Amino acid sequence: MRILGIDPGLRVTGFGVIEQTGSKLRYLSSGCVRSGEGELAARLKMILEGLAEVIATNRPQEIAIEKVFVNVNPQSTLLLGQARGTAICAAVIAGLPVAEYTALQVKQAVVGKGHAKKEQVQHMVRSLLALSADPSPDAADALACAICHAHGGKLGNFSIKGFRRGRSR
């Protein structure tokens, strides 16, 4: 099973691809889609096209994406939500199911503490995937999201056919 993890952001969207065989995880690729400055629509297009390229190149079977948290600045939260929606669209256009995780869930699954620092996430991702160096913070968060999904996550509410996938609560 190939899993693409996505850490959405308007300026920088992190991505990480892993392969799961039984309980073993293998690193395939990671990086960032950078949208730069300028008009919102053009930046969202860059995210959509960048993730479409990542999907075409790596051929994941499932997508794991971090949920948006409400932040102090409502405008920032709205912009982040638009970047996240664009990332979900890239997955749905490619016909891939999407699972959603909070940052707390991701950190708990990877570090063992829901309030872990970014450096702890980077270090654990490096260790779990036997990388030679820590990935960038955005790529590490995306890889952590994929690892969280591999470690027993459930598919979320989105799929190619638009039907709702169940989740135990």
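Fair warning: this is a prediction, and the values are worked out from it, not measured in the lab.

Novice: Would you take a moment to explain the environment of Gly-22 for this structure?
Specialist: Summarising the element assignment, Gly-22 is placed in the loop between strand 2 (12–21) and strand 3 (24–34). Taking the relative accessible area as the measure of exposure, Gly-22 reaches 60% and is therefore exposed. Sequence spacing of Gly-22 and Ala-150 is 128 residues, and the spatial spacing of their C-alpha atoms is 9.5 Å.

Novice: What is the right way to look at unusual backbone geometry in this model?
Specialist: If you check the backbone angles, Arg-59 has positive phi at about 50 degrees while not being a glycine. Positionally, Arg-59 belongs in the loop between helix 1 (40–58) and strand 4 (62–66). Phi is positive for Ala-130, which is not a glycine, with a value near 50 degrees. Topologically, Ala-130 is positioned in the loop between helix 4 (118–128) and helix 5 (137–150). The exposure class assigned to Ala-130 is exposed, which follows from its relative accessible area of 67%.

Novice: I'm lost on helix 2 (residues 74–93) in this one. Help?
Specialist: Note: α-helices contain 3.6 residues per turn, so residues at a spacing of three or four share the same orientation. Helix length check: helix 2, at 20 residues, gives a terminal C-alpha distance of 28 Å against a target of 28 Å (1.5 Å per residue), a fit within 8%. The set of residues buried in helix 2 consists of Thr-77, Leu-80, Ala-83, Arg-84, Thr-86, Ala-87, Ile-88, Ala-90 and Ala-91. Those residues of helix 2 that are buried lie in contact with strand 1 (2–7), helix 1, strand 4 and strand 5 (98–101). The N-cap residue of helix 2 is Asn-73: its side-chain oxygen and the backbone nitrogen of Gln-75 are 2.9 Å apart.

Novice: Before we go on, may I ask you to explain the sheet that holds strand 2 in this structure?
Specialist: Strand pairs in the sheet, formed through backbone hydrogen bonds, run parallel or antiparallel to each other. What the five strands build is an open sheet, ordered 3-2-1-4-5; its pairing is mixed. The sheet is open, and its two edges are formed by strand 3 and strand 5, each paired on a single side. Each strand axis lies, on average, 20 degrees off the axis of its neighbour in the sheet, ignoring direction. Here 10 bridges tie strand 2 to strand 3, and the two strands are oriented antiparallel to one another. The residue of strand 3 that forms the bridge with Thr-13 is Val-33.

Cut-offs and rules
- Residues numbered from 1 in each chain as written.
- Predicted model: local features only at pLDDT ≥ 70, side-chain atom pairs only at ≥ 80, totals over all residues.
- Heavy atoms only, no water.
- Helix = DSSP H or I, 4+ residues; strand = E, 2+ residues; numbered from the N terminus.
- Buried < 20%, exposed > 50% of the residue type's maximum accessible area, 1.4 Å probe, protein only.
- Expected span 1.5 Å × (residues − 1).
- Contact = heavy atoms within 4.5 Å.
- Polar contact = N/O pair within 3.5 Å; in protein donor to acceptor, adjacent residues only side chain to side chain.
- Pairing = 2+ DSSP bridges.
- Axes fitted to C-alpha atoms, helices over the stretch in contact; angles between N-to-C directions.

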